[in-house]
Amino acid sequence: MNIRKSFKVKLIRQVKKLSIFVFLLSFALPSEKNFSFKFSQHTNIDSWWISKNNFGKNFKESSYDFYHTRTLKKTFFKVNITNGYSSNDIPKFGETYLKYDFSNNTYLIAGRFYRVFSNYMNDELSSGHILISNNARPMPKLGLNGKFEIKRNQDVYFSWGISHAKFKKNQYYSDAPFLHEKFVYIHYNFKKKHFLSVGLAHEAIWAGTTTEIGSINNPGNQPDTIKDFLKVFISADGPLIEGEKHANALGAHSGIWDFNYFKKENGKELSIYYQHYFEDTSSLRFANKTDGLWGIEATNYLKNTKILLEYLNTSNCCIDPPYQNDNYYWNYQYLDGWKYENMIIGNPFINDGGPRDELKLFHLGLSYTLENKQIKLKMSKINKTRWQSDHSNKIRYKILYSFLIQNINVELFYGDDKKINSGGFNLYYEF
């Protein structure tokens with residue numbers, strides 16, 4: 001085993017040890033804490049909104065989740081153990097991480113977690129963040145994040161972050177690749193009522209060993225040195241492939257320009273956002289026009305009600321080949337694409353039917369709360385523009401009704417997408 005392979009093996013072992021350490025430590029230390037247990041029963045698990053954006057869990061007819069959170073001074077722990085990731089009921093970790101505050105502006109986060117940007121996003125009602133939603137199991141990740149405040153103008157500040165994660169071995173990867181993630185945002189607070197943020201988030205799959213050809217001249221092993229990482233960091237070109245006019249960026253890149261306007265006044269909240277998706281220089285410069293996720297969420301404009309409307313467009317992915325010709329979420333070197341444990345990491349509708357699965361999606365999310373009762377609705381309709389498939393134009397929905405019986409929260413739900421319907425219940429108990 002060479003030095004680089006040895007280093008990667010040691011790093012993986014240390015991340016696994018850290019996850020176990022976080023789990024044990026969260027029980028051992030005295031602090032503010034919370035425990036909860038969830039039991040789920042399903043009649044069928046195959047309808048769209050029963051199985052999607054459900055944290056990547058492979059639900060069976062019956063499943064359970066144990067949750068635990070704990071706060072200790074500068075440290076926050078979160079633990080989720082579930083049998084939803086195993087066909088043989090062996091419990092595994094879901095979203096489990098440690099967050100440590102070095103200061104009010106800088107913190108370290110380690111374990112299995114999703115994203116720490118686009119905090120305006122309502123993941124319960126949305127169709128799914130276009131980069132990192134709750135559709136797949138959270139990846140093991142280590143990140144450093146923070147913010148920078150401008151002393152002369154307290155209404156303006158920057159947020160930033162950088163993370164390193166690892167995929168898993170599968171039929172495409174004999175040695176799993178890494179994930180590089182970074183983001184930077186500028187935030188503006190106007191008169192404590194209007195908030196505007198504009199940011200850039202960048203993801204890149206790199207290194208690892210592919211079981212298919214990585215490129216014409218370089219099958220298998222992908223570049224993985226420190227020098228290669230620096231190229232990935234700035235999206236610099238890799239080696240020139242014979243037969244092509246120019247070298248492509250090293251690794252498989254994706255990202256978003258992230259825009260959000262938020263207004264809060266008299267108990268009402270309004271959030272408007274646009275996540276412009278890109279995979280290369282052309283789409284970074286908006287050559288794919290309006291592709292991405294558009295959304296608006298209004299809270300308490302109707303009393304006790306949240307209304308979320310979204311429009312997802314991927315129809316401009318390939319409008320000007322070879323300049324603008326992207327297969328969203330898919331890459332010719334990393335053939336598993338933007339997936340973790342066989343689940344789409346971003347919005348579950350993108351590339352559901354395979355490469356160049358171009359679509360326009362209309363989505364509604366609704367939540368109404370009255371005392372200890374709540375109704376939630378998610379409804380989506382796809383209009384395919386090309387590459388028609390048998391799931392075009394279906395209306396997919398899920399409706400959930402929850403109420404409290406003593407210390408037990410009961411949820412009854414039903415989902416349908418014309419051909420497949422399913423229902424069931426969840427029981428939550430806090431102690």
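Summarised in this report is the structure supplied together with it. The model shown is predicted, which means the values in this text are computed figures rather than measured ones.

**Focus: the overall build of the chain**
Here is step 1 of the chain: For the chain, the helix and strand inventory stands at four helices and 23 strands.
Here is step 2 of the chain: Taking all 431 residues of the chain together, 48% fall into the buried category.
Here is step 3 of the chain: A separation of at least 24 residues holds for 57% of the contacts in the chain among residues at least 6 apart in sequence.
Here is step 4 of the chain: Approximately 21,700 Å² of the chain is accessible, and the part contributed by carbon and sulfur atoms is 59%.

**Let's talk about the packing of aromatic side chains**
Here is step 1 of the chain: This structure, assessed with the given rule, holds 26 aromatic pairs.
Here is step 2 of the chain: Pairing phenylalanine 35 with phenylalanine 66 gives two aromatic rings, centres 6.2 Å apart and planes at 40°, and the pair type is tilted. Placement of phenylalanine 35 in strand E1 (residues 32-42) and of phenylalanine 66 in strand E2 (residues 62-72) is noted, with a sequence separation of 31 residues between them. When sorted by exposure, phenylalanine 35 lands in the same class as phenylalanine 66, which is buried.
Here is step 3 of the chain: Geometrically, the ring pair formed by phenylalanine 39 and phenylalanine 425 is tilted, given 6.3 Å between the ring centres and 50° between the ring planes. Of this pair, phenylalanine 39 sits in strand E1 while phenylalanine 425 sits in strand E23 (residues 421-430), and the two are 386 residues apart along the sequence.
Here is step 4 of the chain: The exposure class assigned to phenylalanine 39 is partly exposed, which follows from its relative accessible area of 28%.
Here is step 5 of the chain: A relative accessible area of 29% places phenylalanine 425 in the partly exposed class.
Here is step 6 of the chain: An aromatic cluster is built from Phe178, Trp206, Phe229 and Phe233, whose rings are joined through pairwise contacts.
Here is step 7 of the chain: Seen from the ring of tyrosine 107, lysine 99 lies directly overhead, with NZ or CZ sitting 4.5 Å from the centre.

**What to know about empty space enclosed by the protein**
Here is step 1 of the chain: Throughout the structure, instances matching the rule amount to three cavities of 30 Å³ or more.
Here is step 2 of the chain: Put simply, the largest cavity is a space of about 100 Å³.
Here is step 3 of the chain: Lining the largest cavity we find 13 residues, and of these Ile132, Arg137, Pro138, Met139 and Ile345 sit closest to its centre.
Here is step 4 of the chain: Of the residues belonging to the lining of the largest cavity, the class tally is 10 nonpolar, one polar and two charged.
Here is step 5 of the chain: Taken as a whole, the second largest cavity spans an internal volume of roughly 50 Å³.

**Description of the pairing of strand E5 (residues 96-101)**
Here is step 1 of the chain: Where strand E3 (residues 75-82) and E5 come together, four bridges link them in antiparallel fashion. By the bridge assignment for E5, phenylalanine 77 is matched with leucine 98.
Here is step 2 of the chain: With six bridges joining them, E5 and strand E6 (residues 106-112) adopt antiparallel strand pairing. Residue pairing across strands places lysine 99 opposite isoleucine 109, the latter belonging to E6.
Here is step 3 of the chain: Where E5 folds back onto E6 in an antiparallel hairpin, the turn is made up of four residues.

**Here we look at the nonpolar core**
Here is step 1 of the chain: Core analysis: the largest hydrophobic core is formed by 48 residues, its most contacted members being Ile130, Phe167, Leu312, Trp338, Ile345 and Phe349.
Here is step 2 of the chain: Counting residues per element, this core draws most heavily on strand E10 (residues 178-190), at three residues.
Here is step 3 of the chain: Ala204, Trp206, Ala207 and Val232 belong to the second-largest nonpolar core, a separate cluster that totals six residues.

**Side note on the environment of phenylalanine 102**
Here is step 1 of the chain: Note on placement: phenylalanine 102 falls in the loop between E5 and E6.
Here is step 2 of the chain: Phenylalanine 102 sits 27 residues away from threonine 75 along the chain, and the two C-alpha atoms are 9.4 Å apart.
Here is step 3 of the chain: Not counting chain neighbours up to four residues away, the residues in contact with phenylalanine 102 comprise Lys74, Tyr107, Leu108 and Leu144.

**Quick notes on the side chain of histidine 363**
Here is step 1 of the chain: Tracing the backbone shows histidine 363 in strand E19 (residues 359-370).
Here is step 2 of the chain: There is a polar contact of 2.7 Å between the side chain of histidine 363 and the backbone oxygen of leucine 125.

**Let's talk about the pattern of salt bridges**
Here is step 1 of the chain: For the structure shown, the criterion picks out 12 salt bridges.
Here is step 2 of the chain: The closest approach of N and O atoms between aspartate 65 and lysine 57, which form a salt bridge, is 2.4 Å. Assigned by exposure class, aspartate 65 and lysine 57 land together as buried.
Here is step 3 of the chain: A salt bridge links arginine 115 to aspartate 123, with the nearest nitrogen and oxygen atoms 3.1 Å apart.
Here is step 4 of the chain: By relative accessible area, aspartate 123 is classed as partly exposed at 25%.
Here is step 5 of the chain: One salt-bridge network, in which partners are shared between bridges, spans Arg137, Lys168 and Glu341.

**A look at a nonpolar patch on the surface**
Here is step 1 of the chain: A cluster of nonpolar side chains, namely Tyr368, Leu370, Ile375, Ile399, Tyr401, Leu412 and Tyr414, defines an oily patch on the protein surface of about 590 Å² accessible area.
Here is step 2 of the chain: Secondary-structure elements contributing two or more residues to the nonpolar patch are E19, strand E21 (395-405) and strand E22 (408-416).
Here is step 3 of the chain: Note that isoleucine 375 resides in strand E20 (residues 373-384).
Here is step 4 of the chain: Taking relative accessible area as the criterion, isoleucine 375 reaches 40% and is therefore assigned partly exposed.

Definitions and cut-offs
- Residues numbered from 1 in each chain as written.
- Predicted model: local features only at pLDDT ≥ 70, side-chain atom pairs only at ≥ 80, totals over all residues.
- Heavy atoms only, no water.
- Helix = DSSP H or I, 4+ residues; strand = E, 2+ residues; numbered from the N terminus.
- Buried < 20%, exposed > 50% of the residue type's maximum accessible area, 1.4 Å probe, protein only.
- Contact = heavy atoms within 4.5 Å.
- Areas by Shrake-Rupley, 256 points an atom, 1.4 Å probe, with all protein chains shown as cover.
- Phe/Tyr/Trp six-rings, centres within 6.5 Å; stacked < 30°, edge-to-face > 60°.
- Lys NZ or Arg CZ within 6 Å of the ring centre and 35° of its normal.
- 1 Å grid on protein atoms, 1.4 Å probe; cavity = no way out; pocket = protein on both sides within 12 Å on 5 of 7 lines; lining within 4 Å.
- Points joined across faces, edges and corners; volume = space filled by probe spheres on them.
- Nonpolar A, V, L, I, M, F, W, Y, C, P; charged D, E, K, R; others polar.
- Pairing = 2+ DSSP bridges.
- Core = buried A, V, L, I, M, F, W, Y, C linked by side-chain atoms within 4.5 Å.
- Polar contact = N/O pair within 3.5 Å; in protein donor to acceptor, adjacent residues only side chain to side chain.
- Salt bridge = Lys/Arg side-chain N within 4 Å of Asp/Glu carboxyl O.
- Patch = residues over 30% accessible without salt bridge, like charges linked within 9 Å, V, L, I, M, F, W, Y side chains within 5 Å.

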